[in-house]
Amino acid sequence: MSPHSKNLVLLIALLALVALWSFESARGWKPPATTQVISVSHPAPRSDEPLSTVVPKTVPPGKRGRQRVLKPGLEHRYAFDLDVRSAEHIPGAETGRNWRHLGWSGVLELTYLGEEGGQHFFSARVEPTRVEPLSDEALSAFRSRLERPVFVAQDARGRVLSVHFEEEVDAETRRFLRLLLAATQFVAEDGRSWSTEETDPTGDYESEYRAGGSVNTYVKTKRRYLRTELPLWAPMGPRGPGVVVPRLRGHLDFMLDEDGLVREVTGSDVVEQGGRETGLPQTRAETRVALTRLETPRHTALSMRTFREARGRLRAEPLTGLETPRVGAVAVEWDRRLVGDATLDVLLSVLETETREQERSQARERLAALFRLLPAKAGLAARRVRQGAVKEGVVAQVLEALGSAGTLEAQRELARLLGESRLRVTTRALVATAVGKVAQPSAELTQALARAVGATKEGELRRAVGLALGSLVKGMERSEPGRALGVLDGLMGRCEAKRLDAETCLRALARAGSARGLEYARAALSHRSVEVRVAATEALGAMAGTDVDVLLDRVLLEDPEARVRVQAAVMISRRVAGPHLRAVAQSLRMETEPQVRAEVVRMLGTLLTVEHAAGELLRDVVARDDSEDVRRLASSLLAE
């Protein structure tokens, strides 16, 4: 057969095969109209079964924040992945950049327990399946440390306020749990977009939320730190040495369920410090998180009783807790080393003769440690104060050491001194100040302070006691919010009945930072006294909420006294910026006093990296402001 004939036969055979394949396809298998992905967790359908059409579940419009549905005992389980990659670059170092990676995976069980003092409590338990770079043996040990739950307190909007750890939980476990809780929190306000304040292990930051393209989806943008737990001092900078704030950026996608609870989270953030012109090594930490609800929620027997029964062995800490508290034998050994062979007489002598503040501060710390090691010494020191055997300049140091010691014996002595009518008013005022610094006040001490505010008529002592109550409320709010609210209600009752002067009440509210006093502070904005209006503005600045934002804007634009308007600008500069930009722009156009405009300009300088409008407003100030000093200030901020 010729080559031509062979080619012709091969072509006919190929055409026959194609025809046969087309015929069999027409008789049997037909391709589906759309491609579908079949989950590996389900068996694949047989070839003779038609593939079902997947109908996406419609999620009904849900609730958020204060409207979310919280059911005591209801447990949600989530799968999570959390990874942190950090790097430090040291200029001139041989290694250049040092990298570190930490990673966790596992299951988070989150159960709502109930409400106390306006806070919502959850039980959180983690089952880790991956911890890098731990070995299998170290992972097993880490898993055992997470067998007992921790308790999480949120406000009505979902912001994490505190985490309640058992005292023996180690630093590594605390750090991981704080990071996980901070990375997955959703803080709600009204509307389709809003700005708010949140907390992570570095500090308090401003975030922005916008509704996504689907029902109950939101995009969260981390914008800037407002304040940090550990201030970072830079030896250099455009304006010389000073404290610098870490740089923050991040984006996370949230999906909520119909009850307003988190269903899914994915995203990342980056925190940078140093570098540029600061003279500090540049560090960069990137956190990536993914969290997905696993299954239908289930009901448990957990309730607030579970938390209250465990409260005695728990320690409440903020998300920004940087140091592991010293407890038990570790705390005792630390105090022993601090005290050494010093006695009460020796430490009092140091406080009497030493003039350097650092040495006096160290002696005061050693005295507090002595009171913890030998509780009877607290009674001896208080007796000397009562008898006038302690020099006037040292009394405040001794009282502060009693407050720092925090033992029941030390608190009992402070309560007795507070009620000692034979003591000078100035000394009792110092006692009240020391009481305000007690970290975990006893019921006896709290009652003594409440009695003192009603029994005394001396203005100096009443002011000191009122301020101490505000500090006490703030301190108790984290560990015992119900009790803190009761103390605050008692204080506000006296304020509203005018049994305590308005300025003292407002200063106490500024320390407490509770919205319980919102209406009182609102009314005080109309007071004829400038000092009272300044104090009211300061109190409002310590409160959260959109109502407060509106009031601060009103003070900035309408108060007749420049000093009050300056205070409003200062308070606004410490808050989320978005809600205030319109009032700020209006203030720059209308404000007649240069010192007020200067304070507004300083605030805008902190927003240049996150708000385009801030740069536009500052350039307008440079071009149009009547004050040369204000123009120079704006120009210097733009140059940075």
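The present account deals with the structure reproduced in this document. Model, not experiment: these values are computed from the prediction.

### Regarding the overall build of the chain
Helix and strand content of the chain: 23 helices and 15 strands. Counting over 640 residues, the chain shows a buried share of 45%. Nonlocal contacts in the chain, meaning residues at least 24 apart in sequence, comprise 63% of its contacts between residues at least 6 apart. For the chain, the exposed surface amounts to about 33,500 Å²; the carbon and sulfur share of it is 52%.

### What about the state of the cysteines?
With the rule as written, the count across this model stands at one disulfide. A disulfide bridge connects Cys 495 with Cys 505, and the sulfur atoms are separated by 2.0 Å. One disulfide, between Cys 495 and Cys 505, carries an S-S torsion of -100° and so falls in the left-handed class. Of this pair, Cys 495 sits in helix α14 (residues 481-496) while Cys 505 sits in helix α15 (residues 502-512), and the two are 10 residues apart along the sequence.

### Observations concerning helix α19 (residues 562-573)
With 12 residues, α19 should cover 16 Å at 1.5 Å per step; its first-to-last C-alpha distance of 17 Å lies within 8% of that length. Of all 12 residues that make up α19, nine are buried, and the element is covered over most of its length. All of the buried residues along α19 are Ala 562, Val 564, Arg 565, Gln 567, Ala 568, Ala 569, Val 570, Met 571 and Ile 572. For α19, the secondary structure elements touched by its buried residues are α17 (530-541), α18 (546-558) and α21 (594-605).

### Let's talk about the packing of aromatic side chains
Summed over all chains, the structure comprises 14 aromatic pairs. Taking the centre distance of 5.4 Å and the plane angle of 65° together, the rings of Phe 151 and Phe 307 count as edge-to-face. One end of the pair, Phe 151, is in strand β4 (residues 150-154); the other, Phe 307, is in helix α4 (residues 304-310), and 156 residues separate them in sequence. Since its relative accessible area comes to 3%, Phe 151 is described here as buried.

### Here's the deal with helix α23 (residues 628-639)
An ideal rise of 1.5 Å per residue puts 16 Å on 12 residues; α23 measures up with 16 Å between its terminal C-alpha atoms. Buried residues in α23 make contact with α21 and α22 (612-624). The residue sitting at the N-terminus of α23 and contributing the capping side-chain oxygen is Ser 627; that oxygen lies 3.4 Å from the backbone nitrogen of Asp 629.

### Details of the environment of Val 425
Tracing the backbone shows Val 425 in helix α11 (residues 425-435). With a relative accessible area of 25%, Val 425 lands in the partly exposed category. In this structure, the C-alpha to C-alpha distance between Val 425 and Thr 456, residues 31 residues apart in sequence, is 9.6 Å. The contacts of Val 425, once residues within four sequence positions are left out, are Glu 458, Glu 460 and Leu 461.

### Focus: the packing of α21 against α23
Two elements in contact, α21 and α23, have axes separated by 10 Å at closest approach and are oriented at 5°. By the angle between their directions, the pair α21 and α23 is classed as roughly parallel. Across the interface between the two elements, Pro 594, Arg 597, Ala 598, Val 601, Arg 602 and Gly 605 of α21 pack against Val 630, Leu 633, Ala 634 and Leu 637 of α23. Among the residues forming the contact of α21 with α23, the class breakdown is seven nonpolar, one polar and two charged.

Thresholds, definitions, all that
Residues numbered from 1 in each chain as written. Predicted model: local features only at pLDDT ≥ 70, side-chain atom pairs only at ≥ 80, totals over all residues. Heavy atoms only, no water. Helix = DSSP H or I, 4+ residues; strand = E, 2+ residues; numbered from the N terminus. Buried < 20%, exposed > 50% of the residue type's maximum accessible area, 1.4 Å probe, protein only. Contact = heavy atoms within 4.5 Å. Areas by Shrake-Rupley, 256 points an atom, 1.4 Å probe, with all protein chains shown as cover. Disulfide = S-S within 2.5 Å. Expected span 1.5 Å × (residues − 1). Phe/Tyr/Trp six-rings, centres within 6.5 Å; stacked < 30°, edge-to-face > 60°. Polar contact = N/O pair within 3.5 Å; in protein donor to acceptor, adjacent residues only side chain to side chain. Axes fitted to C-alpha atoms, helices over the stretch in contact; angles between N-to-C directions. Parallel < 35°, antiparallel > 145°, perpendicular 65-115°, else oblique. Nonpolar A, V, L, I, M, F, W, Y, C, P; charged D, E, K, R; others polar.

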